[in-house]
Amino acid sequence: LIACAHFLNMPLLQDKARTLANTLLEAHKSLACAIFDEASLFGEPTESVKHDALTIIQKFPEDSLLSKPGISCLRPEALHELISDDGMVCEEITLFLALNEWATAGNEVDSFGLGHKADRVNIAKDLVATHIRLSSIQPTDLIGIARKSCLVDEKMISEAFEAQALFAEKKMDVRFSKKRKRR
C-alpha cells in the first residue's frame, strides 16, 4: 500500500499506511519478518517501514523470528540480509533455530520458486556456515539441537567444540593435564 501510494503521489495515504504498519509491528512482532520481506521488494518508498521492521526484529528476535509466521515467510534474499545483520540482540542459538525453522518450513515444493525443500535446506546450510558462530552455542545445544538438524555436519560441530575447549583452557585456567597418583 505504501509503494502504491508513493507511485500515485498520495502522501497522506502513504503516511497512514506507514502508521498502520508501525502499529502492526508493535502489536504483532511475529509480522515483522513479513513486513521486512515485503518492504524489501519496493526500494525507497518502503525503506522506512523496512527499517522499522528490522529494528523490531533486532530488539525482539525470539518474538519476531520464532513465532508464526516469523522467519518462515522470508524470501532467501531477505533471509540473508537478516541473518548477516550483526545488530541482533540475541544468542547464536536463536539465529540457528530460526534458520532451522526456515529450512524445514513449507511443503515439498516451495512457494518462493526455489523448487524443492532441499533448496531451502542448502541455503540455510550456507547461512549457518557463513554467519552463525557455532562456538558461541552451548555444548548441550550443539549436541542436542544442532547435531539433530540437517544444517551442520560433524566436522562443524567438532570445530566448535575444539574452539570452546581452547577458549576454556586459555581463559579459565583449566588444568586438563594432571600428574598421575600412585594407587
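To be clear, the structure that these remarks concern was listed above.
The text that follows walks through the structure, step by step, so that each part is easy to find. (Residues numbered from 1 in each chain as written. Predicted model: local features only at pLDDT ≥ 70, side-chain atom pairs only at ≥ 80, totals over all residues. Heavy atoms only, no water.)

Quick look at the environment of Lys 59
Threshold: Numbering of helices and strands runs from the N terminus; a helix is a DSSP stretch of H or I covering at least four residues, while a strand is a stretch of E covering at least two. Relative accessibility under 20% of the residue-type maximum defines a buried residue, over 50% an exposed one, and the middle range a partly exposed one, all with a 1.4 Å probe and only protein chains included.
Along the chain, Lys 59 falls in helix α4 (residues 47-59). The exposure class assigned to Lys 59 is exposed, which follows from its relative accessible area of 55%.

So, the packing of aromatic side chains
Cut-off, in case you're wondering: Ring pairs shown here join Phe, Tyr and Trp side chains whose ring centres sit within 6.5 Å, with only the six-membered ring taken for Trp; geometry is labelled stacked below 30 degrees between planes, edge-to-face above 60, and tilted in between. Only when the NZ of Lys or the CZ of Arg is both within 6 Å of the ring centre and within 35 degrees of the ring normal is a charge said to sit over the ring.
With the rule as written, the count across this model stands at zero aromatic pairs. Lys 29 extends its terminal NZ or CZ atom over the ring of Phe 60, reaching a point 4.7 Å from the ring centre. The aromatic ring of Trp 102 is capped on one face by Arg 120, whose charged end is 4.2 Å from the ring centroid.

Topic: the nonpolar core
Defined as follows: For this analysis, a nonpolar core means a set of buried residues of the types Ala, Val, Leu, Ile, Met, Phe, Trp, Tyr and Cys, connected via side-chain atoms within 4.5 Å.
Counting residues in each nonpolar core, the largest one holds 40 residues, and the members touching the most others are Leu 74, Leu 82, Phe 96, Val 128, Ile 132 and Leu 134. Of all the secondary structure elements, the ones that give two or more residues to this core are α2 (11-27), α3 (32-40), α4, α6 (76-83), α7 (92-104), α8 (117-131), α9 (139-146) and α10 (154-171).

Considerations on the pattern of salt bridges
Put simply, the rule reads: Note on definitions: salt bridges are taken to be side-chain nitrogens of Lys or Arg within 4 Å of carboxyl oxygens of Asp or Glu.
Counted under the stated rule, the structure contains seven salt bridges. When the shortest N-O distance is used, the salt bridge between Glu 81 and Lys 50 registers 3.0 Å. Of this pair, Glu 81 sits in helix α6 while Lys 50 sits in helix α4; the two residues are 31 residues apart in sequence, bridging distant segments of the chain. Overall, Glu 81 belongs to the partly exposed group, its relative accessible area being 34%. Judged by relative accessible area, Lys 50 falls into the buried class, the value being 11%.

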